[in-house]
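Residues per chain are reported as follows:
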Amino acid sequence: MVFQATTSAPVNIACIKYWGKRDTTLILPTNSSLSVTLDQDHLRSTTSSRADPSFTSDRLWLNAKEEIIKDGGRMSTCIKEMKRLRKQLVEDTDPNAPKLSTYHVHIASYNNFPTAAGLASSASGFAALVSSLAALYSLPCPPTTLSLIARQGSGSACRSLQGGFVAWEQGSQPTGLDSHAVQIAPESHWPTLHALICVVNDAKKGTSSTSGMQRTVETSPLLQHRIKNVVPQRMVDISKAILDKDFDAFARITMADSNQFHAVALDTTPPIFYMNDVSRAIIAVVEEYNRVWVEKTGKVKAAYTFDAGPNAVIYTEGENVKEIIEIIVRFFPQQETFKDPFGLFANDGGLKEGGK
Ligand code: ADP
Ligand code: DP6
Ligand code: CO
């Protein structure tokens, strides 16, 4: 018998950012957060896991390179928790079920986008890991239960096990049992909402999210203001904006929260700079684009947001996608790698007359 399963999970991009832990072992956050799970295949982790009695240890390969699973580390916690659920929910109730919880596992994962570059690879990575083990172990678990385990791999991962608009409720119990993901609305609720991913730099970032946010918790006075006085109301307001499909409100809150997250990073000692000059130029272009539309209609049409890295995500409604890509590519030409999904460009790199 071969016991093996392969699943994949997409990244999610936060509109209200998680940045800070109150418990670094269980990964309990200092504030609730909310994200959009991307539904296309462009940014995904695909993970295969296999259990076999001949394996002598748990092992993991990430993008074809072996990563050491540290005892007591996050990867090891997730694997241990999944084995515990297998025993409790399957083996203890069905005497005929193979005792997979006693076998070691080999896990291979592949990201089809830059790893550790601020595009949420830890989110899709740990979500794919947990869902692959859940499939291997035939666990009859709802996403909420799995989110409790993915959270202990990487906080943002708990939001990638569901599609659409997902909140991570910070919870208040010291056990962390109430700190999990909740779907605010499925993807089908707002199918016209698009996310444009602008890769500014695909290199591994200098300060990991984990160490950066811990330094912020220890040193930033602004973080205390953010978690007490700002985020709770924003969670209420953005949830309403999503349920109402109110793009203007959704966009304004998203941009404000990205900017405050980067302000909090700057307020850290020593300061952390995730955005670079190109990131800031993207902000300027989107702000100017919005200014023109606010003058005409009173409403913004695009929202930028940056995670812990220089790469931009621009949320907008489908009807504006072509126009925004045109503007971004005109300001930031990238002919070599740009795939031109709308057929906007001629072979010489110039814009086609009336490109479709
Ligand atoms: P990012 O902004 O990409 O989420 P982080 O600093 O939060 O960057 O996390 C990057 C780390 O997440 C990687 O160094 C690796 O340990 C882990 N990770 C990324 N992808 C995967 C994956 N597919 N499977 C398991 N772990 C992963
Ligand atoms: C800026 O979830 O990567 O992307 O829990 O330490 O693994 P760890 O951190 P991680 O932090 C994500 C930070 C963020 C905002 C967000 O996704 O909410
Ligand atoms: Co991450």
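Residues numbered from 1 in each chain as written. Chains lettered and ligands numbered in written order. Predicted model: local features only at pLDDT ≥ 70, side-chain atom pairs only at ≥ 80, totals over all residues.

Draft legend 1. Representation of the overall build of the protein. When helices and strands are counted, the protein shows 8 helices and 14 strands. The C-alpha atoms of the protein give a radius of gyration of 21 Å, which matches the 21 Å a tight globule of 356 residues would have. Considered along the principal axes of its C-alpha atoms, the protein spans approximately 70 × 50 × 40 Å. Long-range contacts, defined here as pairs at least 24 residues apart, represent 70% of the contacts in the protein between residues at least 6 apart. (Helix = DSSP H or I, 4+ residues; strand = E, 2+ residues; numbered from the N terminus. Rg over C-alpha atoms; globule rule 2.2 N^0.38 Å. Contact = placed C-beta atoms within 7 Å.)

Draft legend 2. Region of interest: the site of ligand 1. Close to ligand 1 lie 22 residues, the nearest being S109, S121, S122, G125 and S209. Secondary structure elements with two or more residues in the shell around ligand 1: β9 (104-111) and α2 (121-136). For the shell around ligand 1, the element with the most residues is α2, which contributes 6 residues. Per-class residue counts for the shell around ligand 1 are 9 nonpolar, 12 polar and 1 charged. (Near = placed C-beta within 6 Å. Nonpolar A, V, L, I, M, F, W, Y, C, P; charged D, E, K, R; others polar.)

Draft legend 3. Summary view of the sheet that holds strand β8 (residues 65-67). Here we have 5 strands laid out as an open sheet, ordered β1-β6-β9-β7-β8, and mixed in their pairing. In this open sheet, the two edge strands, each paired with only one partner strand, are β1 (3-10) and β8. Between one strand axis and the next, the sheet turns by 20 degrees as a mean value, whatever way the strands run. Note: strand β7 (residues 59-62) against β8, 3 bridges, orientation antiparallel. Across the sheet, W61 pairs through a bridge with E66, a residue of β8. Contacting β1, β6 (44-52) and β9, α2 crosses the sheet at an angle of about 150 degrees to β1. (Pairing = 2+ DSSP bridges. Axes fitted to C-alpha atoms, helices over the stretch in contact; angles between N-to-C directions.)

Draft legend 4. Structural view of the environment of F113. Structurally, F113 can be placed in the loop between β9 and α2. The exposure class of F113 is partly exposed, given the 18 C-beta atoms found within 10 Å. With 68 residues separating them in the primary sequence, F113 and S45 have C-alpha atoms 8.5 Å apart. Beyond its immediate chain neighbours, meaning those up to four positions away, F113 contacts H42, L43 and L119. (Buried ≥ 20, exposed ≤ 12 C-beta atoms within 10 Å, placed from the backbone.)

Draft legend 5. Broad picture of the site of ligand 2. For ligand 2, the set of nearby residues contains 15 residues, the closest of which are A14, S154, G155, S156 and T210. Residue classes in the shell around ligand 2 are distributed as 6 nonpolar, 7 polar and 2 charged.

Draft legend 6. Fine view of the packing of helix α5 (residues 221-243) against helix α6 (residues 247-266). Taken N-terminus to C-terminus, the directions of α5 and α6 make an angle of 160 degrees; their axes are 10 Å apart at the nearest point. The orientation of α5 with respect to α6, classified from their angle, is roughly antiparallel. In terms of crossing hand, the pair formed by α5 and α6 is left-handed. In contact with L222, L223, R226, V230, R234, D237, I238, A241 and I242 of α5, α6 contributes A249, F250, I253, D257, Q260, A263 and V264. Grouping the amino acids of the contact of α5 with α6 by side-chain chemistry returns 11 nonpolar, 1 polar and 4 charged. (Parallel < 35°, antiparallel > 145°, perpendicular 65-115°, else oblique. Left-handed = near helix turned anticlockwise from the far one by under 90°.)

Draft legend 7. The environment of K228, seen in detail. With respect to the helices and strands, K228 occurs in helix α5. Residue K228 is classed as exposed on the basis of its 11 C-beta neighbours within 10 Å. For the pair K228 and N31, spaced 197 residues apart in sequence, the C-alpha to C-alpha distance is 8.4 Å.

Draft legend 8. Molecular detail of the sheet that holds strand β2 (residues 12-16). Strand order in the open sheet formed by 4 strands is β2-β5-β10-β11, with antiparallel pairing between adjacent strands. The open sheet is flanked by β2 and β11 (181-185), the only strands paired with a single partner. Averaged over all neighbouring strand pairs, the angle between strand axes comes to 35 degrees, with direction disregarded. Running at roughly 115 degrees to β2, α5 makes contact with β2, β5 (33-37), β10 (164-168) and β11 of the sheet.

Draft legend 9. Inspection of the environment of I314 at higher detail. On the secondary structure map, I314 appears in strand β14 (residues 312-317). For the pair formed by I314 and A303, sequence separation is 11 residues and the distance between their alpha carbons is 5.4 Å. Other than its neighbours up to four places away in sequence, I314 contacts L196, C198, V286, A302, A303, Y304 and I324.

Draft legend 10. Just helix α7 (residues 277-297), in detail. Relative to the 30 Å expected for 21 residues at 1.5 Å per residue, α7 spans 30 Å between its end C-alpha atoms, a close match to the ideal helical length. Three or more residues of α7 are buried, namely S279, I282, V285, V286, Y289 and N290. End-on view of α7: buried residues confined to an arc of 125 degrees, all on one side of the axis. The outward face of α7, more than 90 degrees from its buried face, is lined by the exposed residues D277, A284, E288, R291, V292 and E295. Here the buried face of α7 lies against β12 (193-198), β13 (302-306), β14 and α8 (321-331). Where α7 ends, the next residue or the one after it, G298, has phi of about 80 degrees, a positive value. (Expected span 1.5 Å × (residues − 1). Arc of directions from axis to C-beta.)

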